[in-house]
There are 2 protein chains.
Amino acid sequence: MPKVVDHEQRRRELADAALSLAARDGLAAVTTRATAAECGWSTGVLNHYFSSRHDLLLAALRRAGTLQGQAYQQIIATDADARAKLIAITESVLPLDDRRLAMTRIFLFFYAEGAAQESEREEIAGFLARWRLVIRSTIAEGQRNGGLDAAIDGEAVAFLLQFLTDGASLEAVVDPATMEAVRSPGFAERCVDTALSARR
Amino acid sequence: MPKVVDHEQRRRELADAALSLAARDGLAAVTTRATAAECGWSTGVLNHYFSSRHDLLLAALRRAGTLQGQAYQQIIATDADARAKLIAITESVLPLDDRRLAMTRIFLFFYAEGAAQESEREEIAGFLARWRLVIRSTIAEGQRNGGLDAAIDGEAVAFLLQFLTDGASLEAVVDPATMEAVRSPGFAERCVDTALSARR
């Protein structure tokens, strides 16, 4: 009987291998050859799923987005108060471990690509909009149950917290002083409390 | 008598032309051919100054850094109070006109490059360190002359204001909702006041 190949699972495995390489050795190390080798497969098999390095990186971007979406859902489902959830949301994005470092590197690549190509720009803009929605919903929930001041401007906080987190993450990839600041104790708390100072 | 060519001036003109193209049509439009045409020169002349598109972009990055350094100096030299100077420093970076949009696009390109190449990483890290120094010095001056609260944590504010400004600028290039927020009245003031909430 021929072996049944789960194509979706193979694509996911290859995207995960690309993210592992990105975390370990940087994005330049993510070639189709190295990614195939990381899975123990031939480049020929990989070429069946991705027609180019760019296609592979795009799959890795979407995989990172999916994993990040799962991280948001896990945080939202907890019983923590709104401020604690905002801190967890912020920490889930900052490049504090391999998953998040790979995500930052691949998003940085597509920010630069998106500045030139409309389809990639839209992927990034969609990711940013979902992130702000998660922040805004968490603030609105906190304001409904009394955990957060009703005068807090949820819309403004969503932008400010996103800029703080994303600015810090993107800079940390190229600037050791920023990485040190990002990895210092209480950094996410400081970002959240700073952003929450925005009032209507 | 042979015409005397000012090579430094020519390099600067080409770098300025590259920045004009980056502002008008995006970074993908900055080719050696298009940049030479923008100056009314042949590609051959351009090749005498820059051996590749990458070299040209690097010259444009450094030119943008020099222009930004001049913008900082002009702001620092005014009689405005420290908060007003911080707002002007922030506005001088945000992509609010062609010069600043070109700067954001070229820095975004080199952030992504710098994630892979050490020499470019160092250029970007140096630019970020100078920017934070300008912010910190302005805060220290404001604290000396009484315009700013002595309890403000200048080091933390420098990072926070840089993350807010850079996160907003980089995202604005790929996300229309962010560009709208960045260009709304009072945006730079909000970034500065938000960052200034950081206390020791």
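Note that the coordinates shown come from a computational prediction; the quantities given were computed from them, not determined experimentally.

Another point: the UniProt feature "DNA-binding region" (unreviewed entry) in chain A. In the numbering used here, UniProt assigns the feature "DNA-binding region" (unreviewed entry) to residues 31-50 of chain A. Secondary structure across residues 31-50 of chain A comprises 75% helix and 0% strand; the distance between its end C-alpha atoms is 11 Å.

What follows deals with the interface of chain A and chain B. With 39 residues of chain A at the interface, the matching set in chain B holds 39 residues. Summed over both sides, the interface of chain A with chain B buries roughly 3,100 Å², with 70% coming from carbon and sulfur. When the buried area of chain A at its contact with chain B is split by residue, Phe163, Glu171 and Val174 of chain A rank highest and sum to 22% of it. Here chain A is connected to chain B by 4 salt bridges. Residue Asp175 of chain B is joined to Arg132 of chain A by a salt bridge in which the shortest nitrogen-to-oxygen separation is 3.1 Å. Where chain A packs against chain B, one counts 6 residue pairs in polar contact (both at pLDDT 80 or more). A total of 13 residues in the side of chain A that touches chain B trace back to one element, the largest contributor, which is helix α8 (residues 154-174) of chain A. Taken together, the residues of the side of chain A that touches chain B sort by class into 25 nonpolar, 6 polar and 8 charged.

A few words on the confidence of the model for chain A. Here chain A averages 95 in pLDDT, while 99% of its residues score no lower than 70. Both confidence scores are given for the complex: pTM 0.95, ipTM 0.95.

What follows deals with the relation of the copies chain A and chain B. Expressed as a screw operation, the relation of chain A to chain B combines 0.0 Å of axial shift with a rotation of 180°, fitting to an RMSD of 0.0 Å. Expressed as an axis order, the relation between the two copies is that of a two-fold axis. Nearest to the rotation axis, the C-alpha of Gly167 of chain A is located 1.8 Å from it, this being the minimum over chain A. Both copies present the same face, since 100% of the interface residues in chain A are matched by interface residues at the equivalent positions in chain B.

Residue and element names in this part refer to chain A. Contact geometry for helix α1 (residues 7-25) and helix α2 (residues 32-39): axes closest at 9 Å, N-to-C directions at 110°. As summarised for this structure, α1 and α2 are arranged roughly perpendicular, according to the angle between their axes. Only Ala34, Thr35, Glu38 and Cys39 of α2 make contact with α1, whose side of the interface consists of Glu13, Leu14, Ala17, Ala18, Ser20, Leu21 and Arg24. Classifying every residue of the contact of α1 with α2 gives 6 nonpolar, 2 polar and 3 charged.

Take the environment of Arg12 of chain B next. In this structure, Arg12 of chain B sits in helix α1 (residues 7-25). In this structure, the C-alpha to C-alpha distance between Arg12 of chain B and Trp41 of chain B, residues 29 residues apart in sequence, is 14 Å.

Rules behind the numbers
Residues numbered from 1 in each chain as written. Chains lettered and ligands numbered in written order. Predicted model: local features only at pLDDT ≥ 70, side-chain atom pairs only at ≥ 80, totals over all residues. Heavy atoms only, no water. UniProt positions renumbered as here; feature names shortened; annotations may be inferred. Helix = DSSP H or I, 4+ residues; strand = E, 2+ residues; numbered from the N terminus. Contact = heavy atoms within 4.5 Å. Buried area = accessible area lost by both parts, 1.4 Å probe. Salt bridge = Lys/Arg side-chain N within 4 Å of Asp/Glu carboxyl O. Polar contact = N/O pair within 3.5 Å; in protein donor to acceptor, adjacent residues only side chain to side chain. Nonpolar A, V, L, I, M, F, W, Y, C, P; charged D, E, K, R; others polar. pLDDT = per-residue confidence, 0-100. Least-squares fit on C-alpha atoms with pLDDT ≥ 70 in both. Axes fitted to C-alpha atoms, helices over the stretch in contact; angles between N-to-C directions. Parallel < 35°, antiparallel > 145°, perpendicular 65-115°, else oblique.

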